[in-house]
Number of protein chains: 4
Amino acid sequence: MKITVGVIGAGRIGQLHIDYLRKHPNVRIKWVSDLNCDKLKDWIEEQGIEKRTKNHQDVINDPEVDAIIICSPTDTHVDIIKLACEKGKHIFCEKPISLTLSESKEAVKCVEASGVKLQMGFNRRFDRNFAALQNVLAKRELGEIQSLRITSRDPEPPPIEYVKHSGGLFMDMSIHDFDMARYLMQSEVVEVYAKGQALVNPALKEIGDIDTAIVTLVFENQALCVIENCRRSVYGYDQRIEVLGDNGAISVGNENLNTLTYAKADGIKQDNPPFFFLERYQQAYADEMNAFIQAMIHDEAVACSIRDGLKAQEIAEKCKESLVTGLPIKIHS
Amino acid sequence: MKITVGVIGAGRIGQLHIDYLRKHPNVRIKWVSDLNCDKLKDWIEEQGIEKRTKNHQDVINDPEVDAIIICSPTDTHVDIIKLACEKGKHIFCEKPISLTLSESKEAVKCVEASGVKLQMGFNRRFDRNFAALQNVLAKRELGEIQSLRITSRDPEPPPIEYVKHSGGLFMDMSIHDFDMARYLMQSEVVEVYAKGQALVNPALKEIGDIDTAIVTLVFENQALCVIENCRRSVYGYDQRIEVLGDNGAISVGNENLNTLTYAKADGIKQDNPPFFFLERYQQAYADEMNAFIQAMIHDEAVACSIRDGLKAQEIAEKCKESLVTGLPIKIHS
Amino acid sequence: MKITVGVIGAGRIGQLHIDYLRKHPNVRIKWVSDLNCDKLKDWIEEQGIEKRTKNHQDVINDPEVDAIIICSPTDTHVDIIKLACEKGKHIFCEKPISLTLSESKEAVKCVEASGVKLQMGFNRRFDRNFAALQNVLAKRELGEIQSLRITSRDPEPPPIEYVKHSGGLFMDMSIHDFDMARYLMQSEVVEVYAKGQALVNPALKEIGDIDTAIVTLVFENQALCVIENCRRSVYGYDQRIEVLGDNGAISVGNENLNTLTYAKADGIKQDNPPFFFLERYQQAYADEMNAFIQAMIHDEAVACSIRDGLKAQEIAEKCKESLVTGLPIKIHS
Amino acid sequence: MKITVGVIGAGRIGQLHIDYLRKHPNVRIKWVSDLNCDKLKDWIEEQGIEKRTKNHQDVINDPEVDAIIICSPTDTHVDIIKLACEKGKHIFCEKPISLTLSESKEAVKCVEASGVKLQMGFNRRFDRNFAALQNVLAKRELGEIQSLRITSRDPEPPPIEYVKHSGGLFMDMSIHDFDMARYLMQSEVVEVYAKGQALVNPALKEIGDIDTAIVTLVFENQALCVIENCRRSVYGYDQRIEVLGDNGAISVGNENLNTLTYAKADGIKQDNPPFFFLERYQQAYADEMNAFIQAMIHDEAVACSIRDGLKAQEIAEKCKESLVTGLPIKIHS
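Basis of the calculations
- For every chain, the first residue of the written sequence is number 1, and numbering continues from 1 along that sequence.
- Both sets of labels track the order of writing: A upward for chains, 1 upward for ligands.
- The predicted nature of this model means local features are confined to residues of pLDDT at least 70 and side-chain atom pairs, given and counted, to a pLDDT of 80 or more, with totals for whole chains, interfaces and linings taken over all residues.
- Side-chain figures throughout are based on the complete set of non-hydrogen atoms in the structure, without hydrogens or water.
- Contacts are assigned to residue pairs with any non-hydrogen atoms lying within 4.5 Å of each other.
- By buried area we mean the combined loss of accessible area, with a 1.4 Å probe, across both parts when two parts are placed together.
- In what follows, salt bridge is the name for a side-chain nitrogen of Lys or Arg lying within 4 Å of a carboxyl oxygen of Asp or Glu.
- For this analysis, a polar contact is any N or O atom pair within 3.5 Å, provided that within protein one partner can donate a hydrogen and the other can accept it, and provided that sequence-adjacent residues contribute only side-chain to side-chain pairs.
- Secondary structure elements follow DSSP: runs of H or I of four or more residues count as helices, runs of E of two or more count as strands, with numbering from the N terminus.
- Each residue is assigned to one class: nonpolar for Ala, Val, Leu, Ile, Met, Phe, Trp, Tyr, Cys and Pro, charged for Asp, Glu, Lys and Arg, and polar for all the others, Gly among them.
- Fitting of the copies onto one another was done by least squares over C-alpha atoms, counting residues only where both copies have pLDDT of at least 70.
- All axes are obtained by fitting lines to C-alpha atoms, using only the stretch in contact for helices, and the reported angles, taken between N-to-C directions, cover 0 to 180 degrees.
- Roughly parallel covers angles under 35 degrees, roughly antiparallel covers those over 145, roughly perpendicular covers 65 to 115, and oblique covers all other angles.
- UniProt positions are given in the numbering used here, feature names are shortened, and annotations may be inferred rather than shown by experiment.
- Think of it in three bands: with a 1.4 Å probe and only protein chains considered, a residue is buried below 20% of the maximum accessible area for its type, exposed above 50%, and partly exposed in between.
- Two strands qualify as a pair provided DSSP detects at least 2 bridges between them.
- Here, expected helix span is obtained from the residue count minus one, scaled by 1.5 Å.
- What the bend at a residue measures is the angle between two axes, fitted to the seven residues ending there and to the seven starting there.
- For Phe, Tyr and Trp, where Trp contributes only its six-membered ring, two rings pair if their centres lie within 6.5 Å, and the inter-plane angle classes them as stacked under 30 degrees, edge-to-face over 60, or tilted in between.
- The way it works is a 1 Å grid over only the protein atoms, where trapped points that fit a 1.4 Å probe form a cavity and open points with protein on both sides within 12 Å along at least five of seven lines form a pocket, and then any residue with an atom within 4 Å of a point lines it.
- Grid points are joined across faces, edges and corners, and a volume is the space filled by probe spheres set on the points.

**Q** Could you give an account of the interface of chain D and chain B, naming the residues involved and the relevant values?
**A** At the interface, 27 residues of chain D touch 27 residues of chain B. Buried area between chain D and chain B, both sides added, is near 2,000 Å², and the carbon and sulfur share of it is 49%. For Lys 264 of chain D, the salt bridge identified is with Glu 141 of chain B, shortest N-O distance 3.8 Å. On the surface where chain D and chain B come into contact, there are 10 residue pairs in polar contact (both at pLDDT 80 or more). Of all the secondary-structure elements, those providing two or more residues to the side of chain D that touches chain B are helix H6 (128-138), strand E12 (248-252) and strand E13 (260-264) of chain D. Counted by class, the side of chain D that touches chain B contains 11 nonpolar, 10 polar and six charged residues.

In structure tokens:
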């Protein structure tokens with residue numbers, strides 16, 4: 001069985017998905033839509049993709065297309081989702097759904113009313129290590145959970161121009177951690193408290209953003225969670241988790257670039273973890289896309305839904321509110 | 001040169017200090033004072049200690065005594081400190097100074113007016129690993145610090161009877177972490193936010209205490225700190241620290257009971273860290289006491305002063321206030 | 001540019017190579033030859049391979065074929081190599097070349113006379129970790145090398161029927177380690193001493209084989225090497241290397257199935273390394289095949305030649321001789 | 001109960017033992033004998049030791065003395081042992097017994113005829129990590145053992161003047177590893193093969209010694225053992241063991257100077273293991289001496305006997321023979 005897909009947005013992440021999709025035995029990539037599609041002509045043809053366009057409507061209107069992969073800028077997501085719902089196309093959508101809760105809620109309504117499948121691009125759920133942790137927790141091997149810690153640090157801060165349109169640290173970066181917290185805890189967040197500083201780049205203060213944060217979450221099941229974020233960890237992309245429960249603690253570490261240990265006169269050295277998120281999560285990106293393909297083939301529920309996207313976005317919004325007001329904020333489900 | 005000391009309180013921690021002091025080439029233990037000193041008669045004599053009493057005044061009034069080691073219950077500390085100041089005796093005092101800030105401030109005044117040395121029993125500062133971290137930070141090898149994380153978990157909760165008189169989680173347990181945070185950051189705490197739950201033993205709620213906490217500290221230098229506490233970690237006494245700065249991150253782990261790694265069909269195993277804090281910090285207790293002895297011999301400043309004790313206690317109080325009010329609390333220096 | 005290949009032998013390892021080759025943008029798999037090709041008909045067609053045959057001559061005689069991939073039983077290798085040389089086809093050949101030195105030497109002559117490229121299937125050279133080690137050593141970061149240790153253990157012994165035709169432990173299993181030793185040391189072996197026992201399965205003694213061995217190699221540059229082999233390590237496929245030199249030591253460890261560390265009351269656990277060599281070396285197999293493809297496209301020397309295959313085989317033969325005679329054996333280059 | 005001891009030889013290791021003995025509640029150090037005892041006068045008095053002499057006979061002849069601690073040069077051991085046996089004094093003796101098997105055998109006879117206790121200074125048996133390994137093996141948790149590996153490297157080569165009188169690498173350095181192998185395997189060595197090179201300091205060749213060795217041992221129970229020795233590991237004193245058995249493998253690693261892990265832009269660093277053997281085995285030295293004291297107090301067998309010393313010495317001799325002849329050498333029990 002072949003699923004015919006169109007990819008909307010062929011930037012860095014779009015190209016990553018295309019590279020995987022074109023090798024997938026059950027996928028035909030018919031369309032790529034991108035404002036720069038003329039520049040990308042050669043590359044698109046090398047991938048064996050049949051058609052290109054600047055207008056995503058061409059993709060969505062094609063009756064042969066079963067599903068679209070949304071990798072375009074965040075402010076285009078909701079319109080594309082609505083259109084796809086109308087035309088009954090399944091959707092894979094990069095995070096976040098949008099930058100405002102009201103828009104995202106509309107998108108949720110459309111998707112749920114239309115019955116199309118929508119999988120959010122929360123790639124970290126597909127990391128073999130975090131998935132293994134989730135599996136252990138789901139089997140309740142640790143008993144009740146007391147606390148969860150997510151350490152999530154980018155190797156270097158993005159350009160300030162990017163930051164200005166990013167929705168801020170919580171919406172752009174921590175949103176993955178909020179989703180991870182919900183995924184692991186299987187309980188909803190009922191309160192947040194966020195403390196943040198612009199320590200790496202104090203100029204962020206002027207645009208109301210931060211680069212270092214400690215977020216405390218309280219879950220409905222009473223467990224606590226702390227998320228440590230920073231826009232810079234010079235030793236590489238740092239993504240670790242630790243959870244404490246009745247029966248012990250589990251920590252998930254980084255993987256280094258290799259397993260070499262150098263013992264020299266001035267100390268013992270190992271190489272860093274990968275610097276680039278695409279390298280760290282290479283297999284996870286492949287696995288999330290395959291999960292989406294399989295959900296369509298077997299008509300099964302997607303692994304993370306638009307509602308998961310909404311929940312993570314809501315936590316991000318409340319963190320921003322907490323940061324601004326200096327107060328803990330309740331979340332009512 | 002010999003320092004003549006008297007030990008006040010010969011419970012678990014008093015006996016630990018005695019065991020070290022009696023082997024110290026520059027120390028003569030002349031007195032032990034303890035309400036149970038009759039029961040301890042044989043043990044005290046085996047240690048080669050000359051005199052025992054139920055009344056700590058006997059110790060403090062002895063003109064031969066240079067210094068006292070206070071290991072008696074917290075509510076006796078301030079009176080003993082005052083008396084020792086009057087008599088010009090140097091003081092080693094287990095934490096906390098007292099359970100109320102006003103009393104502790106009085107003690108600070110007495111000590112500073114009298115000119116006697118007082119070293120607080122913040123043993124963790126003398127742990128070779130944490131001391132090595134402090135050394136690296138003091139040399140500013142990491143550059144500016146963005147965030148600090150202290151994970152501090154007791155292996156099993158104390159009896160509820162103990163908890164009732166302990167001053168609560170922050171005063172009894174986290175106070176060590178508050179001191180460690182100040183010691184490492186070399187900056188004062190200006191704001192705290194504490195979130196806590198009674199998850200291990202819900203009965204603690206009834207006495208207004210908690211067993212699981214996430215504390216966020218903000219330092220004067222703007223760096224952030226998170227402290228993770230739990231009264232139970234079934235895998236042993238868990239004391240780890242991680243700090244992130246301009247030039248990287250440093251983490252300090254636990255030491256396991258041994259260096260064996262067992263690879264078996266069902267996984268790779270290592271033995272746990274020690275379960276008991278006296279075992280984990282055995283060398284640190286010896287080193288802190290030796291530091292006190294050396295400070296007296298060489299007439300130097302002590303490594304951690306009564307003012308350090310006051311600061312840690314103040315943070316603990318503010319955390320309690322934050323827990324009760326649900327709000328972040330400022331600390332004015 | 002497209003290289004047209006034919007795969008000879010579609011057993012486990014042949015299928016592995018096919019799976020990679022069919023996704024390679026510069027490869028067209030035209031032929032599969034296998035005695036069981038009828039049974040494999042469906043699978044071969046799913047791979048998009050055009051033609052199948054029971055006779056490898058059909059493949060080699062096809063003028064369109066640029067290269068053959070030899071994955072058939074060892075006793076067929078030399079004949080196939082000779083034929084391919086006659087027809088000017090490039091060759092990728094699984095190890096060992098043959099089970100007798102004289103035959104292998106003939107094959108070397110043919111290949112070198114014909115000028116075709118032949119790459120031996122020493123996949124471990126392409127493991128990112130071992131390759132990183134080789135890179136460090138080649139740059140002489142460790143200075144002169146004193147000793148090298150290779151630990152190489154299979155998770156479970158093969159069936160005794162397989163062992164009977166395997167050429168014995170040294171030819172079948174250690175041959176990879178002999179190649180690795182030469183690859184890392186960049187010096188030739190001048191003496192071997194092998195001690196072995198049948199400890200896992202004493203029945204091996206009856207067929208003159210062993211399952212546990214300690215091999216000592218002396219290199220022309222005087223450095224020493226020890227290889228530890230065992231046919232069974234119940235905790236998984238165990239492949240580690242350590243090298244000691246003037247400036248320190250480097251060790252290369254296994255990678256576990258995931259990065260989880262479970263701390264429980266009865267100890268700290270991690271999951272094992274992969275049990276199956278195809279899983280451990282999955283990426284290395286892809287990388288060695290790509291290296292072969294690139295060597296053809298760019299007309300460059302292959303990464304490991306038939307002469308490398310001959311050298312490793314020679315060491316294996318001498319080890320067998322050492323085992324039988326109980327004496328160290330010299331190797332004259 | 002007090003044991004009265006005399007220490008013969010107050011060099012580095014003698015002083016180490018004195019430092020421990022003087023704190024032991026059951027020990028009175030009455031004598032120190034050393035050719036340099038006049039120079040050491042102040043130090044000896046500070047330790048509270050009553051008497052000093054240049055003549056070890058003064059110590060042994062003193063009827064108050066229960067036991068002697070032999071820390072004098074190797075060539076004095078046998079005479080001192082014989083005299084102590086005559087006078088019925090218990091003996092703690094540093095390794096090796098002597099440099100010739102015939103002398104050592106005489107010493108064994110004397111000791112066994114006299115009934116005095118003699119404990120050999122195989123301190124590594126008392127390392128908590130190796131002792132834990134021995135305990136696991138003694139309980140047969142690994143099932144049958146296939147192979148054992150001992151990695152034992154000194155941080156830097158001793159002066160060549162020392163080496164000249166050391167008995168050579170096997171007698172001076174590897175002897176500890178031979179004892180460890182027997183201790184762990186609980187089986188006797190029946191064959192040795194030793195390969196060695198002078199790679200760190202080629203000048204050793206001229207005095208017939210080596211600095212890098214690979215030794216293969218075969219045990220009576222058929223298990224194999226490899227010992228890797230080098231006189232130089234610039235990263236510190238390196239003492240590791242790994243054992244493979246039916247149920248898995250256990251490895252015992254080094255302990256680093258601290259538990260800090262520095263993640264920086266150029267890699268992840270840890271501090272080295274201690275450089276100095278006295279630091280690495282500090283606690284083991286204390287524990288071996290306490291074991292000797294306890295064996296006397298409770299009239300129990302010592303933990304490692306003079307016969308253990310003889311066995312290790314015999315293996316060292318056979319290794320030397322193997323090195324010289326280039327052949328494996330059998331050992332008949």
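**Q** Can you explain the relation of the copies chain D and chain B? Please cite residues and give values.
**A** When chain D is fitted to chain B, the best match, at an RMSD of 0.1 Å, comes from turning it 180 degrees and sliding it 0.0 Å along the axis. In short, the pair behaves as if placed about a two-fold rotation axis. It is Lys 23 of chain D whose C-alpha, among those of chain D, lies nearest the rotation axis, at 3.1 Å. Of all interface residues in chain D, 100% are interface residues in chain B too; the two copies therefore contact each other through one and the same surface.

**Q** I'd like a description of the packing of helix H5 (residues 101-114) of chain B against helix H11 (residues 306-325) of chain B, backed by residues and values.
**A** All names here are of chain B. Running from amino to carboxyl end, H5 crosses H11 at an angle of 170 degrees, the nearest separation of the two axes being 10 Å. Taken together, the axes of H5 and H11 are roughly antiparallel relative to one another. Along the contact surface, H5 presents Leu 101, Ser 104, Lys 105, Ala 107, Val 108, Val 111 and Glu 112, while H11 presents Ile 306, Arg 307, Leu 310, Gln 313, Glu 314 and Glu 317. When grouped by side-chain class, the residues that make up the contact of H5 with H11 number six nonpolar, two polar and five charged.

**Q** Which residues make up the UniProt feature "domain: Gfo/Idh/MocA-like oxidoreductase C-terminal" (unreviewed entry) in chain A, and what values go with them?
**A** The sites that carry the UniProt feature "domain: Gfo/Idh/MocA-like oxidoreductase C-terminal" (unreviewed entry) are, in the present numbering, residues 137-330 of chain A. Helix makes up 33% of residues 137-330 of chain A and strand 29%. Its end C-alpha atoms lie 26 Å apart.

**Q** Report on the pairing of strand E9 (residues 212-219) of chain B, specifying residues and quantitative values.
**A** Residues and elements named next belong to chain B. Counting buried residues in E9 gives eight out of eight residues, a clear majority hidden from the surface. What you see with E9 is no split at all: Thr 212, Ile 214, Thr 216 and Val 218 on one side and Ala 213, Val 215, Leu 217 and Phe 219 on the other are buried throughout. With seven bridges joining them, E9 and strand E10 (residues 224-230) adopt antiparallel strand pairing. Directly across from Ala 213, in E10, lies its bridge partner Asn 229. Connecting E9 to the antiparallel partner E10 that follows it, the hairpin turn spans four residues, and Gln 222 within it adopts a positive phi of roughly 80 degrees.

**Q** Run through the UniProt feature "domain: Gfo/Idh/MocA-like oxidoreductase N-terminal" (unreviewed entry) in chain A, naming residues and quoting values.
**A** When the UniProt feature table is mapped onto this chain, "domain: Gfo/Idh/MocA-like oxidoreductase N-terminal" (unreviewed entry) is found at residues 3-122 of chain A. Its end C-alpha atoms 21 Å apart, residues 3-122 of chain A is made of 39% helix and 22% strand.

**Q** I'd like a description of helix H8 (residues 169-185) of chain B, backed by residues and values.
**A** All names here are of chain B. If you check H8, its first and last C-alpha atoms are 22 Å apart, about what 17 residues at 1.5 Å a residue would give, namely 24 Å. Ile 175 marks the point of greatest bend in H8, at about 55 degrees. Summarising burial for H8: 17 of the 17 residues are buried, a large majority. Looking one or two residues beyond H8, the residue adopting positive phi is Gln 186, at roughly 55 degrees.

**Q** Run through the relation of the copies chain B and chain A, naming residues and quoting values.
**A** Superposition of the two copies of the chain requires a rotation about an axis and a shift along the axis. If you rotate chain B by 180 degrees and push it 0.0 Å along the axis, it lands on chain A with an RMSD of 0.0 Å. Comparing interface residues between copies, 100% of those in chain B also lie at the interface in chain A; the contact surface is shared.

**Q** Give a description of the packing of aromatic side chains that names residues and reports values.
**A** Enumeration according to the criterion identifies 22 aromatic pairs over all chains in this entry. Each ring, one from Phe 277 of chain D and one from Tyr 285 of chain D, has its centre 6.5 Å from the other, and the planes form 65 degrees; the classification is edge-to-face. Using a relative accessible area of 6% as the deciding quantity, one classes Tyr 285 of chain D as buried. Among the aromatic residues, those joined into a ring-pair cluster are Tyr 237, Phe 276, Phe 277, Tyr 281 and Tyr 285 of chain A.

**Q** So, the environment of Pro 159 of chain A: which residues are in play, and what are the values?
**A** Within the secondary structure, Pro 159 of chain A sits in the loop between strand E7 (145-153) and helix H7 (160-164). For the pair Pro 159 of chain A and Ser 33 of chain A, spaced 126 residues apart in sequence, the C-alpha to C-alpha distance is 26 Å.

**Q** If you had to explain the interface of chain B and chain A to someone new, which residues and values would you point to?
**A** Counting residues at the interface gives 40 residues for chain B, matched by 40 residues for chain A. Where chain B abuts chain A, roughly 3,200 Å² becomes buried across the two surfaces, and 57% of that area is made up of carbon and sulfur atoms. For Arg 153 of chain A, the salt bridge is made with Glu 242 of chain B, and the minimal N-O distance between the two is 3.0 Å. At the boundary of chain B with chain A, the tally comes to 16 residue pairs in polar contact (both at pLDDT 80 or more). Only strand E7 (145-153), strand E8 (189-197), E9, E10, strand E11 (238-245) and strand E12 (248-252) of chain B provide two or more residues apiece to the side of chain B that touches chain A. Here the side of chain B that touches chain A gets six residues from one element, more than from any other, and that element is E7 of chain B.

**Q** Tell me about empty space enclosed by the protein, and please be specific about residues and values.
**A** Residue and element names in this part refer to chain C. For the structure shown, the criterion picks out 10 cavities of 30 Å³ or more. The volume enclosed by the second largest cavity comes to roughly 80 Å³. Listed by contribution, the elements that provide at least two residues to the lining of the second largest cavity are strand E8 (189-197) and helix H11 (306-325). In terms of residue count, the dominant contributor to the lining of the second largest cavity is H11 (three residues).

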